[in-house]
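# Working through the structure, step by step
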Protein chains: 4
Amino acid sequence: MQFEIKESDFHVEKLNEARIPSPMEGERFVDDEERILYATNVREMQSFISEGKTVPSFEQAGPRSKIYFDPSKLRCGIVTCGGLCPGINDVIRAIVLSLHYSYDVHTVWGFRYGLEGLAPSYKHEPLELTPRMVADFHQKGGSILGSSRGPQKIEEICDTLERMHIGILFAIGGDGTLRAVQAIVQEVKKRDLKISVVAVPKTIDNDIAFVDRSFGFMTAVSEAARVIYGAHSEATGARNGIGLVKLMGRHSGFIAAHATLANNDVNFCLIPEVPFSLPVFLDIIRERIHKRGHAVIVVAEGAGQDLIENAGGTDPSGNVRLGDIGTFLKDKITEDFSKHKLDLVLKYIDPSYIIRSLSANTDDSAFCLLLGHNAVHAAMSGRTDMVVGFWKNYYIHIPTSLAVSRRKEVSPDSRLWRDVLLCIGQPENLLEK
Amino acid sequence: MQFEIKESDFHVEKLNEARIPSPMEGERFVDDEERILYATNVREMQSFISEGKTVPSFEQAGPRSKIYFDPSKLRCGIVTCGGLCPGINDVIRAIVLSLHYSYDVHTVWGFRYGLEGLAPSYKHEPLELTPRMVADFHQKGGSILGSSRGPQKIEEICDTLERMHIGILFAIGGDGTLRAVQAIVQEVKKRDLKISVVAVPKTIDNDIAFVDRSFGFMTAVSEAARVIYGAHSEATGARNGIGLVKLMGRHSGFIAAHATLANNDVNFCLIPEVPFSLPVFLDIIRERIHKRGHAVIVVAEGAGQDLIENAGGTDPSGNVRLGDIGTFLKDKITEDFSKHKLDLVLKYIDPSYIIRSLSANTDDSAFCLLLGHNAVHAAMSGRTDMVVGFWKNYYIHIPTSLAVSRRKEVSPDSRLWRDVLLCIGQPENLLEK
Amino acid sequence: MQFEIKESDFHVEKLNEARIPSPMEGERFVDDEERILYATNVREMQSFISEGKTVPSFEQAGPRSKIYFDPSKLRCGIVTCGGLCPGINDVIRAIVLSLHYSYDVHTVWGFRYGLEGLAPSYKHEPLELTPRMVADFHQKGGSILGSSRGPQKIEEICDTLERMHIGILFAIGGDGTLRAVQAIVQEVKKRDLKISVVAVPKTIDNDIAFVDRSFGFMTAVSEAARVIYGAHSEATGARNGIGLVKLMGRHSGFIAAHATLANNDVNFCLIPEVPFSLPVFLDIIRERIHKRGHAVIVVAEGAGQDLIENAGGTDPSGNVRLGDIGTFLKDKITEDFSKHKLDLVLKYIDPSYIIRSLSANTDDSAFCLLLGHNAVHAAMSGRTDMVVGFWKNYYIHIPTSLAVSRRKEVSPDSRLWRDVLLCIGQPENLLEK
Amino acid sequence: MQFEIKESDFHVEKLNEARIPSPMEGERFVDDEERILYATNVREMQSFISEGKTVPSFEQAGPRSKIYFDPSKLRCGIVTCGGLCPGINDVIRAIVLSLHYSYDVHTVWGFRYGLEGLAPSYKHEPLELTPRMVADFHQKGGSILGSSRGPQKIEEICDTLERMHIGILFAIGGDGTLRAVQAIVQEVKKRDLKISVVAVPKTIDNDIAFVDRSFGFMTAVSEAARVIYGAHSEATGARNGIGLVKLMGRHSGFIAAHATLANNDVNFCLIPEVPFSLPVFLDIIRERIHKRGHAVIVVAEGAGQDLIENAGGTDPSGNVRLGDIGTFLKDKITEDFSKHKLDLVLKYIDPSYIIRSLSANTDDSAFCLLLGHNAVHAAMSGRTDMVVGFWKNYYIHIPTSLAVSRRKEVSPDSRLWRDVLLCIGQPENLLEK
């Protein structure tokens with residue numbers, strides 16, 4: 001990432017000074033000076049110091065001794081946007097339980113079907129969320145509230161928040177949602193309201209900047225590895241067998257890379273960050289089949305987009321529509337083998353919805369619990385326009401503007417990618433032979 | 001099934017009288033008079049009795065006190081044909097272990113890539129299978145030997161069997177394989193050879209006649225239910241959400257029916273045995289979405305073939321190529337909602353290879369173990385031209401001709417189908433409203 | 001089983017003639033003449049015929065065209081008794097859904113904590129069970145209603161049934177519960193009430209007579225196999241390693257036998273039905289360790305009770321308290337190795353509660369669904385004093401008296417046990433060398 | 001941790017200068033100046049800076065451009081010590097594959113049964129490990145090499161290393177093993193040998209200092225959470241039900257704390273780092289049962305050791321023998337309820353070996369792969385007397401002396417413990433009411 005990092009970018013906004021003592025008796029509160037270093041290695045740190053700059057750092061998340069909102073009067077809302085991702089219900093549940101048990105906040109509305117639920121025209125009745133109702137949410141995949149893609153009029157959303165006397169809006173969503181958060185915050189300011197908007201970033205692709213790991217990602221990698229194992233069985237179960245698996249990853253190949261490391265049967269891993277030449281790749285595949293009789297290929301959905309005529313346009317969330325690299329490769333490999341008069345048994349697997357709709361695994365379940373708790377702590381303290389992140393094993397606060405300023409990617413020079421190449425023996429350069 | 005059942009159809013062929021004492025000391029052997037009733041209910045039984053016929057019955061499988069083959073000289077072969085199915089490796093393993101430990105037969109060849117492995121032109125070297133090598137086979141999906149579709153020249157196959165001095169050929173495969181077994185047996189007879197051919201029927205669709213359950217089926221149903229659960233999450237996670245899952249079942253809807261019972265989220269189940277009208281179905285779907293906001297549809301791959309223009313032709317195994325009912329329904333529902341100006345979020349899931357490539361679950365693993373053992377017992381006793389089946393909780397012998405004489409189907413009048421309809425509240429008749 | 005089987009034992013009692021047309025429109029009803037043969041093999045059948053007796057058969061379960069209870073007035077109750085078993089919640093759910101959707105019966109009370117819930121002195125409020133409430137029950141282990149051991153006064157139970165105007169009581173429980181059912185039926189008759197009592201037999205040990213398979217059993221076997229796999233890792237992970245696993249099975253070794261078949265790592269399987277001599281067994285263990293360096297032993301909790309000084313007495317349900325064969329063997333093997341100056345690393349695993357508390361696997365979940373449905377069909381038709389069973393792949397009705405008349409056991413001569421011995425190479429006779 | 005941190009403690013020893021070019025063509029190597037900050041927060045960092053000290057940092061792991069050992073002559077050994085932990089076989093496999101494919105080192109000996117395998121008196125033949133042999137190791141629990149507890153004579157170990165011309169010894173083990181590593185390194189120096197000893201720290205308790213996460217830990221937490229779910233079913237399935245689960249954690253409560261967060265059914269979590277008073281705890285349990293009717297208690301095996309009369313002594317590895325807190329609590333709670341004339345249904349679960357013997361989950365599998373690779377990179381570069389660690393998402397080198405200098409614990413003031421208390425509502429202080 002060649003962006004400049006400024007300390008001021010790490011500053012989290014507050015609605016106002018928090019003056020109300022927290023109702024959490026006996027708690028060891030986090031004070032605002034507890035900050036987590038952005039830099040993780042010596043060189044980075046020294047480059048800041050040598051330039052006379054303060055080393056940037058994140059606010060550590062956690063309960064504060066003083067809160068901004070009066071629990072007895074506070075009403076909160078939760079909205080979930082975009083595609084499914086394991087753990088959404090865990091986060092909803094954690095927010096409701098933390099509000100209820102740690103802060104004595106008892107009115108929490110769940111808006112239905114994403115931002116639609118905040119736009120009066122859709123007439124979706126919000127759901128009142130109680131501890132009893134959310135108790136078993138974490139065992140379910142999907143989103144209990146329902147989700148939708150695409151923006152709604154910011155004015156209407158703010159009208160709804162005002163009309164329902166919402167003090168905090170928790171938004172669980174990706175890129176587009178974070179941008180909606182920014183717009184809502186602007187409109188809230190313009191109207192001089194005291195509404196906090198705090199996001200828990202949802203991206204199964206794990207591509208949010210300044211977030212080491214996003215919820216659902218580990219669950220997705222686990223299931224992806226399981227699917228790859230099946231592709232390997234299909235590939236080895238036939239002469240000249242190829243198992244081709246398309247995994248999630250529109251712009252960042254984290255799922256493909258991690259699933260490749262987690263499963264020891266992958267022979268080729270293609271990700272958006274590392275371009276490849278089709279002829280070179282086809283040659284290598286034929287060689288592999290010639291030598292070993294089978295191959296397992298993992299391709300992230302955003303890989304090789306330069307090779308296919310793109311469907312073009314954008315979806316309702318404003319995401320670019322990707323060309324289907326999976327069926328593209330399937331067709332090209334089939335053609336190529338046919339041209340070379342080679343037998344081929346290619347099995348193509350696209351497990352997308354199977355993975356997205358899973359319930360969170362144990363690890364993600366605990367992770368979502370703490371993301372939700374920390375979102376509540378942050379919002380109760382009056383923070384706004386921020387997302388809850390995870391950095392070097394700490395829960396942190398990230399200003400929304402920083403979180404959307406760039407995308408996290410698998411750098412071809414990173415140890416992650418180098419380790420993938422080493423572990424599967426893939427040539428570094430697939431652009432030329 | 002409106003076929004006539006004759007007692008003589010149940011007679012299993014033997015190469016010759018078995019005269020060699022079994023090496024299994026102290027075993028309680030099964031004698032040839034232990035037979036399992038074909039009839040399971042009183043009416044069936046009485047209809048035979050009233051007509052003065054002998055009630056048909058199957059030979060019970062199990063070790064015999066006398067065997068035909070001399071273990072010290074015997075060489076065996078194993079071949080796996082057709083598509084993958086959970087448990088193939090378990091069966092291979094069980095055959096090798098039983099030959100080795102129960103009968104002291106130590107030479108077992110694994111032919112590679114289906115019948116290709118028996119056709120010299122492919123030059124696939126057979127693999128010698130030892131107990132040590134197969135020890136952990138049961139933990140793996142796929143087929144360790146590899147598989148292929150399509151027939152090979154029967155003469156070449158028999159040449160190979162002769163050249164390698166194979167006394168028993170174990171064939172693990174479906175319909176096509178059973179027909180190949182019949183042909184090999186004919187050729188073996190013509191050449192006056194003493195080679196036994198015994199099959200373990202492989203059909204993930206569970207559609208072999210006179211076999212209550214085939215291996216891999218329960219594993220397939222389990223995974224199918226898991227996938228349906230995901231489809232339900234997708235359907236409920238969106239407004240006007242539809243989860244559409246295509247499951248295996250070319251001619252018989254057993255997987256779809258059982259997965260529907262095993263999972264409590266299915267709203268509609270379409271199987272090959274029960275025709276439906278597209279306009280009627282589309283109306284019902286729209287009504288359901290209107291009333292409940294979401295729907296989960298399970299469709300067996302062979303359902304509704306009369307509605308789609310068939311790709312036609314046959315695959316290398318001689319199976320009719322099916323039209324893709326999954327994408328057909330997806331397109332038709334999408335069109336229909338668009339025509340009625342209704343929003344729709346349809347997620348289509350086709351988990352086929354993910355399911356086929358699984359390793360067997362516990363239940364199937366034990367089942368495969370005993371199928372393999374019983375195939376060995378049958379073949380060692382000199383039986384040939386038969387398959388090992390499972391009927392009313394007993395392992396049995398079925399003549400190949402009987403097993404291929406008809407296909408097992410989900411009768412629309414059966415309790416199974418009626419229970420499916422009852423449990424999900426699906427209208428009985430989808431042909432007219 | 002050396003009991004005499006009489007046709008009259010198979011007769012299921014009815015409260016009275018069923019005259020009300022079933023509300024299930026268009027259903028293909030089961031008529032009372034559809035009966036499933038008790039006999040499964042030719043010899044059995046012929047022995048009845050040759051003695052001039054009618055071949056015994058079970059009534060097939062399923063919806064009847066005429067019902068006895070008026071749905072608009074009917075109130076039902078459900079009670080769960082004894083230890084946990086995977087699938088209890090599935091059965092509760094199925095009963096509620098079937099009553100509601102198939103019969104329009106809307107009042108179903110769940111009694112809390114077993115028969116205690118029917119005894120006024122405990123003051124447990126019954127829970128009203130609605131379709132909405134039970135919707136996700138099947139995903140949970142345990143019993144949503146709670147359970148307890150031990151009988152309560154039959155008069156008090158009947159008082160409660162009368163007071164609450166209960167027409168049908170569904171009882172989910174084991175041996176003790178079936179006897180309670182018989183007693184309640186007697187008292188109901190004495191009072192000339194029209195209350196039906198129908199049981200779904202719950203026995204994780206799978207030891208109910210005339211029931212091929214009881215719910216939860218397959219789930220238990222799966223988990224047991226998983227635990228054995230761990231014992232094998234422990235055994236092979238150490239020099240002279242022994243993995244010793246105690247499994248459920250008070251009087252019948254079905255779980256131990258099936259888990260042994262399902263897992264390929266067991267070397268010795270001890271069950272209640274097959275006695276063994278401790279000195280002989282210890283010798284064999286030492287030999288095995290000497291030759292192979294490790295061993296995996298599976299022991300059913302009821303095995304070897306003659307060898308240990310029994311704790312004696314009975315538990316609140318009237319079950320004999322068993323001596324702890326697991327720790328007994330652990331101690332004896334440890335002593336023996338110490339006496340012979342042999343190193344030993346023995347890991348003892350007792351997974352009982354871990355298994356019992358699981359939620360039902362896919363297979364059991366579908367099975368429980370149909371057990372519940374068929375219990376409802378039976379009771380609605382006016383049948384009483386019966387249990388719903390499963391015989392040769394059919395759901396059937398069994399008179400309670402027949403179900404409690406004997407216990408199902410693993411016969412040492414059965415193919416099941418012979419196959420276990422064959423598959424693991426265990427000597428048949430562990431009483432003498 | 002109140003230890004002083006000195007920069008010099010972070011210095012990793014090398015046998016000698018590495019002069020041989022790495023055979024890994026085209027790799028982007030890690031240079032020795034790439035170092036990962038020990039400090040993670042601003043305060044820590046500033047305290048070093050303000051004292052004029054260099055901020056301590058770890059060497060980043062990864063392949064070096066220059067290596068010390070000549071691959072064509074190198075022979076390596078692997079040994080696994082102590083109790084089982086998920087992932088051991090993954091690490092073995094990764095080491096073999098990395099040596100073979102990245103460095104062309106083809107002789108790798110696997111020593112059997114821990115350090116015994118290096119002591120000639122035991123006569124354990126070492127196993128030659130090839131890529132083919134280890135290919136599927138990662139799917140197995142346990143240790144393929146076998147393990148043992150306890151030290152062996154250092155001289156004999158070094159004799160064996162010399163005699164077999166071992167250049168690198170990879171040791172997979174815990175505390176005791178790390179100390180053995182130190183002793184071997186001393187003896188190697190004394191003899192002026194050029195043998196590198198590199199450890200991969202194995203501790204299911206996750207209690208190695210300077211290691212954020214050790215392998216097997218996440219798998220253990222997942223399974224622990226599953227077991228707790230069962231305990232919850234048992235507790236809620238009975239009136240006054242208590243589910244009591246003992247988890248691993250001799251000195252550090254990480255598994256108990258994480259499993260509590262991962263599972264939402266725990267009511268009380270007891271760990272070694274936080275003392276409690278038995279009378280206070282019993283009072284709280286009774287209150288909970290009174291109010292809610294059930295309770296789930298998780299206790300780490302090292303908790304409450306001050307309360308029980310300790311068995312005393314040490315095991316062969318030199319670990320203090322712990323008193324059994326699980327059965328102690330079970331007995332005390334039972335007594336207490338009996339004294340107060342309260343009914344109680346307590347189910348005690350001790351899943352230790354079931355957890356330890358699991359195969360690694362996906363997440364741990366990828367983690368072990370990279371631990372193994374990085375151990376190879378480190379050793380090939382001539383580093384010795386070190387362990388491979390994981391710190392803030394980077395693989396790092398830690399001098400053995402630093403790794404054994406202290407134990408990682410759950411600080412009662414840490415966010416981890418505070419979050420546990422918050423999430424389950426456990427009182428902070430269990431020493432007094």
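## Things to note about the overall build of chain A
When its secondary structure is counted, chain A shows 13 helices and 17 strands. Relative to the globule expectation of 22 Å for 433 residues, the C-alpha radius of gyration of chain A, 23 Å, shows essentially globular dimensions. On the principal axes, the C-alpha backbone points of chain A span a range of 75 × 55 × 40 Å. Of the contacts formed within chain A by residues at least 6 apart in sequence, a portion of 78% connects residues at least 24 apart.

## Side note on the relation of the copies chain A and chain D
Two chain copies here: they are related by a rotation about an axis and a translation along the same axis. The operation relating chain A to chain D is a screw motion whose rotation component is 180°, with 0.0 Å of axial translation and a residual RMSD of 0.0 Å. This pairing of chains is accounted for by a two-fold axis. Residue Lys 392 of chain A of chain A places its C-alpha closer to the rotation axis than any other residue of that unit, at 2.2 Å. Comparing contact sets, 100% of the residues at the interface of chain A also lie at the interface in chain D, consistent with an isologous, same-surface contact.

## A look at the nonpolar core
Phe 170 of chain A, Phe 170 of chain B, Phe 170 of chain C together with Phe 170 of chain D are the most contacted members of the largest nonpolar core, which totals 599 residues. Discounting residues that sit within four places of it in the chain, Phe 170 of chain D has contacts with Cys 76, Ile 78, Ile 95, Val 198, Val 200, Ala 375 and Ala 379 of chain D.

## Quick word on the domain arrangement of chain A
All names here are of chain A. With domains assigned, chain A is organised as domain 1 (7-214 + 358-403) and domain 2 (218-356 + 413-424). Residue-level contacts link 18 residues of domain 1 with 18 residues of domain 2. When the residues that make up the side of domain 1 that touches domain 2 are grouped by side-chain class, the tally is six nonpolar, seven polar and five charged.

## Thoughts on the interface of chain A and chain D
Contacts between chain A and chain D engage 45 residues on the former and 45 residues on the latter. For the side of chain A that touches chain D, the secondary structure elements donating two or more residues are β3 (35-37), α1 (42-50), α2 (88-103), α6 (217-236), α7 (254-262), α11 (362-380) and α13 (415-424) of chain A. The element contributing the most residues to the side of chain A that touches chain D is α11 of chain A, with seven residues. Classifying every residue of the side of chain A that touches chain D gives 17 nonpolar, 16 polar and 12 charged.

## Some thoughts on the sheet that holds strand β9 (residues 168-173) of chain D
What holds strands together in a sheet is hydrogen bonding between their backbones, with the strands either parallel or antiparallel. All names here are of chain D. Read across the sheet, nine strands follow the order β3-β4-β17-β16-β10-β9-β6-β7-β8 without closing on themselves; strand pairing throughout is mixed. The open sheet has two edge strands with one neighbour each: β3 (35-37) and β8 (127-128). In the packing of helix α2 (residues 88-103) onto the sheet, the strands contacted are β6 (75-80), β7 (107-110), β9 and β10 (196-201), and the crossing angle to β6 comes to about 175°. Its contacts with the sheet put helix α11 (residues 362-380) on β9, β10, β16 (386-391) and β17 (394-399), and the angle it makes with β10 is roughly 160°.

## Looking at the packing of helix α2 (residues 88-103) of chain C against helix α11 (residues 362-380) of chain C
All names here are of chain C. It is the contact of α2 with α11, at a shortest axis distance of 8 Å, that shows an interaxial angle of 50°. For the element pair α2 / α11, the angle class is oblique. The two elements α2 and α11 cross, and the hand of that crossing is right-handed. Of α11, the residues touching α2 (which contributes Asp 90, Val 91, Ala 94, Ile 95, Ser 98, Leu 99 and Tyr 103) are Ser 365, Cys 368, Leu 369, Leu 371, Gly 372, His 373, Ala 375, Val 376 and Met 380. For the contact of α2 with α11, the class distribution of residues is 11 nonpolar, four polar and one charged.

## Some remarks on helix α2 (residues 88-103) of chain B
Residue and element names in this part refer to chain B. For α2, built from 16 residues, the straight-helix expectation of 22 Å at 1.5 Å per residue is met to within 8% by its first-to-last C-alpha distance of 22 Å. α2 sits mainly inside the fold: 14 of its 16 residues count as buried. Residue Asp 104 follows α2 closely and has a positive phi angle near 60°.

## A closer look at the pairing of strand β10 (residues 196-201) of chain A
Residues and elements named next belong to chain A. Within β10, six of the six residues are buried, which leaves it mostly tucked inside the rest of the structure. Here β10 shows no split at all, with Ser 196, Val 198 and Val 200 on one side and Val 197, Ala 199 and Pro 201 on the other all buried. Bridge count for strand β9 (residues 168-173) against β10 is six bridges, and the pairing is parallel. Bridging from a neighbouring strand, Leu 169 pairs with Val 197 of β10. Handedness of the crossover is the feature at issue here: the chain leaves β9, passes through helix α5 (residues 175-190), returns alongside β10, and the resulting connection is right-handed. Here β10 runs beside strand β16 (residues 386-391); their pairing, made up of two bridges, is parallel. Residue Ala 199 lies in a different strand from β16, and its bridge partner there is Val 387.

## Quick look at the confidence of the model for chain A
For chain A, the mean per-residue pLDDT works out to 94, and 98% of the residues sit at or above 70. We note a pTM of 0.96 for the whole complex and an ipTM of 0.95 for its interfaces.

## Some thoughts on the sheet that holds strand β14 (residues 345-349) of chain D
Residue and element names in this part refer to chain D. Across the sheet, which stays open at both edges, the four strands sit in the order β12-β13-β11-β14 with parallel pairing between neighbours. What marks the edges here is a single partner per strand, and that holds for β12 (268-270) and β14. Each adjacent strand pair in this sheet contributes to an overall mean axis angle of 15°, direction not counted. In this structure, strand β11 (residues 241-247) lies alongside β14, joined through five bridges in parallel fashion.

## Details of the packing of helix α7 (residues 254-262) of chain B against α11 of chain C
Taken N-terminus to C-terminus, the directions of α7 of chain B and α11 of chain C make an angle of 80°; their axes are 7 Å apart at the nearest point. Between α7 of chain B and α11 of chain C, the angle is such that the two are roughly perpendicular. Every residue of α11 of chain C that contacts α7 of chain B at His 258, Leu 261 and Ala 262 of chain B is listed here: Thr 362, Ser 365, Ala 366, Leu 369 and Leu 370 of chain C.

## Some points on unusual backbone geometry
Residues and elements named next belong to chain C. Located in the positive-phi region is His 165, a residue other than glycine, with phi close to 55°. Among the structural elements, His 165 can be located in the loop between α4 (154-163) and β9 (168-173). Classification of His 165 as exposed rests on a count of 11 C-beta atoms within 10 Å. Even without being a glycine, Lys 392 presents a positive backbone phi close to 55°. The residue Lys 392 is located in the loop between β16 (386-391) and β17 (394-399) in this model.

## A look at the pairing of β16 of chain D
Residue and element names in this part refer to chain D. For β16, a buried count of six out of six residues is recorded, marking the element as mostly surrounded by other parts of the structure. Relative to β17, β16 is paired through six bridges, and the arrangement is antiparallel. The residue of β17 that forms the bridge with Trp 391 is Tyr 394. Counted along the chain from β16 to the antiparallel partner β17, the turn is two residues long, and its residue Lys 392 has a positive phi close to 55°.

## With respect to the environment of Pro 21 of chain A
Residue and element names in this part refer to chain A. Looking at where Pro 21 falls in the secondary structure, it is placed in strand β2 (residues 20-21). The sequence separation of Pro 21 and Ala 295 amounts to 274 residues, and the corresponding C-alpha distance is 62 Å. The residues contacting Pro 21, other than those within four sequence positions of it, are Ser 65 and Lys 66.

## Some points on the environment of Pro 23 of chain B
Residues and elements named next belong to chain B. Of note, Pro 23 is situated in the loop between β2 (20-21) and β3 (35-37). Taking the C-alpha atoms as reference points, Pro 23 and Val 188, separated by 165 residues in sequence, lie 27 Å from one another. Beyond its immediate stretch of four places on either side in the chain, Pro 23 contacts Pro 71, Tyr 103 and Asp 104.

Cut-offs used in this document
Per chain, the residues get numbers from 1 upward, laid out in the order the sequence is written. Whichever chain is written first is A, and whichever ligand is written first is 1; the rest continue in order. Only residues with pLDDT of 70 or above have their local features reported here, since the model is predicted, and side-chain atom pairs are shown and tallied only from 80 upward, although totals for entire chains, interfaces and linings are computed over all residues. Numbered from the N terminus, helices here are DSSP runs of H or I no shorter than four residues, and strands are runs of E no shorter than two. When we talk radius of gyration, it's over C-alpha atoms, and the globule rule is simply 2.2 Å times the number of residues to the 0.38. Our contact criterion uses C-beta atoms placed from the backbone: two residues qualify when those atoms are within 7 Å. Superposing copies: least-squares fit, C-alpha atoms only, residues required to have pLDDT of at least 70 in both. A set of buried residues drawn from Ala, Val, Leu, Ile, Met, Phe, Trp, Tyr and Cys, joined through C-beta atoms within 7 Å, is what defines a nonpolar core. Whether a residue is buried, exposed or partly exposed follows from its count of other C-beta atoms within 10 Å of its own C-beta, namely 20 or more, 12 or fewer, or something in between, respectively; the C-beta atoms are built from the backbone. The split of the chain into domains comes from an automatic or database domain assignment. Only Asp, Glu, Lys and Arg are considered charged in this grouping, and only Ala, Val, Leu, Ile, Met, Phe, Trp, Tyr, Cys and Pro are considered nonpolar; every other residue, Gly among them, is considered polar. Between any two strands, at least two bridges found by DSSP are needed for them to pair. For helices, the fitted line uses only the C-alpha atoms of the stretch in contact; every axis is such a line through C-alpha atoms, and the angle between N-to-C directions lies from 0 to 180 degrees. Comment on the angle field: the value is read as roughly parallel under 35 degrees, roughly antiparallel over 145, roughly perpendicular from 65 to 115, and oblique elsewhere. We call a crossing left-handed when the near helix sits turned anticlockwise from the far one by less than a right angle, and right-handed when that turn is clockwise. Any helix carries an expected span of 1.5 Å times its number of residues minus one. For a crossover, the right-handed case is the one in which the path from the first strand over the helix to the second runs clockwise, viewed with the strands pointing away from the viewer. Known as pLDDT, the predictor's per-residue confidence is scaled from 0 to 100.

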